[in-house]
Amino acid sequence: MQGEPEVAVLRLGHRPGRDDRMTTHVALTARALGADRVLLPENATDAVETASDVTGRFGGPFAVESTGRTVSILEEWEGSIAHLTMYGEPVQTVEEEVRAAHREEPLLVVVGAEKVPWDAYEHADWNVGVTNQPHSEVAALGVFLDRLFEGRALDREWKGAERAVVPKAEGKLVEEVDGDGE
Ligand code: SAM
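Since the model is a prediction, treat every value here as computed from it, not as a measurement. (Residues numbered from 1 in each chain as written. Predicted model: local features only at pLDDT ≥ 70, side-chain atom pairs only at ≥ 80, totals over all residues. Heavy atoms only, no water.)

## What to know about unusual backbone geometry
Of note, the bond from Gly60 into Pro61 is cis; its omega dihedral lies within 30 degrees of zero at 5 degrees. Structurally, the position occupied by Pro61 is in the loop between α2 (45-58) and β3 (63-67). The residue Thr131 is not glycine, and still its phi comes out positive at about 65 degrees. Tracing the backbone shows Thr131 in the loop between β6 (126-129) and α6 (137-149). A positive phi angle, near 55 degrees, is found at Glu150, a position not held by glycine. Examined against the element boundaries, Glu150 turns out to sit in the loop between α6 and β7 (163-165). (Helix = DSSP H or I, 4+ residues; strand = E, 2+ residues; numbered from the N terminus.)

So this is what it looks like as structure tokens:
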């Protein structure tokens, strides 16, 4: 979130075809729920395109980066690292520690796809479970970010948007940001 140390989300791994939708939703969830940047594997071309397009239409700031690096990002990261894994400590147990660290320095949030390399567990300052049940990187990321920001990301302002959704009890309304309704 603007004015705070950076939160970047790293998607470790991507299986073209099988993971296209999930990797895209990791990027869209990172953007919508307060992260500043997402780092996607360079073979996740669809996800990079979709997340960049959504940022262009509905605003930012949000950086979408494609990378061929994995473990070296963890080794060179200057800040704290939270690796989301069903095997980790309960998020409710570590969330305050993570928030305190994030008040001081950037935070890298890591989610896996296929088999996660042991390096992710070893380099993490926290291995965090959103329950210790198997579910998905998207759900885990959503819950984690909401707890990290304590709901503040739900009210964030978007800059440079071409359009914005007008919340309605029924139906759908999307307005051009220059004021003409659709
Ligand atoms: N089979 C892979 C492994 O164990 O390395 C993980 C597959 S899982 C569907 C993909 C990702 O979802 C995990 O790497 C983790 O980031 C996330 N995930 C799934 N369940 C989770 C949980 N209960 N808590 C936190 N993250 C979770």
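## Focus on α6
Look at α6: 18 Å from first C-alpha to last across 13 residues, which is about the 18 Å you get at 1.5 Å a residue. The elements touched by buried residues of α6 are β1 (7-11), α1 (20-32), β4 (80-90), α4 (91-104), β5 (107-111) and β6. Two to three positions downstream of the cap, the backbone nitrogen of Val138 sits 3.0 Å from a side-chain oxygen, assigning the N-cap of α6 to Ser136. Of the residues flanking the end of α6, it is Glu150, one or two places downstream, whose phi is positive at about 55 degrees. (Expected span 1.5 Å × (residues − 1). Contact = heavy atoms within 4.5 Å. Polar contact = N/O pair within 3.5 Å; in protein donor to acceptor, adjacent residues only side chain to side chain.)

## Description of the nonpolar core
Core analysis: the biggest nonpolar cluster contains 35 residues, and Leu107 and Phe144 have the highest contact counts within it. With 7 residues, the single largest contributor to this core is α6. Filtering out sequence-adjacent residues up to four positions away, Phe144 remains in contact with Ala82, Leu84, Val91, Val98, Leu107, Val109 and Val128. Counting residues in hydrophobic clusters, the runner-up holds 14 residues, among them Leu39, Ile73, Ile81 and Ala120. (Core = buried A, V, L, I, M, F, W, Y, C linked by side-chain atoms within 4.5 Å. Buried < 20%, exposed > 50% of the residue type's maximum accessible area, 1.4 Å probe, protein only.)

## Here we look at the layout of surface pockets
Within this model, the largest pocket holds a volume of roughly 420 Å³. As for the largest pocket, its lining consists of 22 residues, of which Leu84, Thr85, Met86, Val116 and His135 are closest to the centre. The dominant element in the lining of the largest pocket, judged by the number of residues it contributes, is β4, at 5 residues. Within the lining of the largest pocket, the residues separate by chemical class into 11 nonpolar, 8 polar and 3 charged. Contributing to the lining of the second largest pocket are Leu28, Arg31, Val54, Arg57, Phe58, Trp158, Ala161, Arg163, Ala164, Val165 and Pro167. Within the residue set of the lining of the second largest pocket, elements represented by two or more residues are α1, α2 and β7. When grouped by side-chain class, the residues that make up the lining of the second largest pocket number 8 nonpolar, no polar and 3 charged. (1 Å grid on protein atoms, 1.4 Å probe; cavity = no way out; pocket = protein on both sides within 12 Å on 5 of 7 lines; lining within 4 Å. Points joined across faces, edges and corners; volume = space filled by probe spheres on them. Nonpolar A, V, L, I, M, F, W, Y, C, P; charged D, E, K, R; others polar.)

## Description of the pattern of salt bridges
Applying the stated rule across the entire model yields 13 salt bridges. Where Arg152 meets Glu4, a salt bridge forms, and the shortest distance between an N and an O atom there is 2.4 Å. Taken together, the residues Arg152 in the loop between α6 and β7 and Glu4 in the segment before β1 connect sequence positions 148 residues apart. Among the residues examined, Arg152 registers a relative accessible area of 37% and is labelled partly exposed. Residue Arg163 is joined to Glu176 by a salt bridge in which the shortest nitrogen-to-oxygen separation is 3.9 Å. On the criterion of sequence distance, the pair formed by Arg163 in strand β7 and Glu176 in strand β8 (residues 174-176) is long-range, its members being 13 residues apart. (Salt bridge = Lys/Arg side-chain N within 4 Å of Asp/Glu carboxyl O.)

## Observations regarding α1
Owing to its 3.6 residues per turn, the α-helix aligns residues three or four sequence positions apart on the same side. Between its terminal C-alpha atoms α1 stretches 18 Å, which fits the 18 Å expected from 13 residues at 1.5 Å a residue. Here α1 has its buried residues at Thr23, Thr24, Val26, Ala27, Thr29, Ala30 and Arg31. Looking one or two places after α1, you find Gly34, whose phi comes out positive at around 110 degrees.

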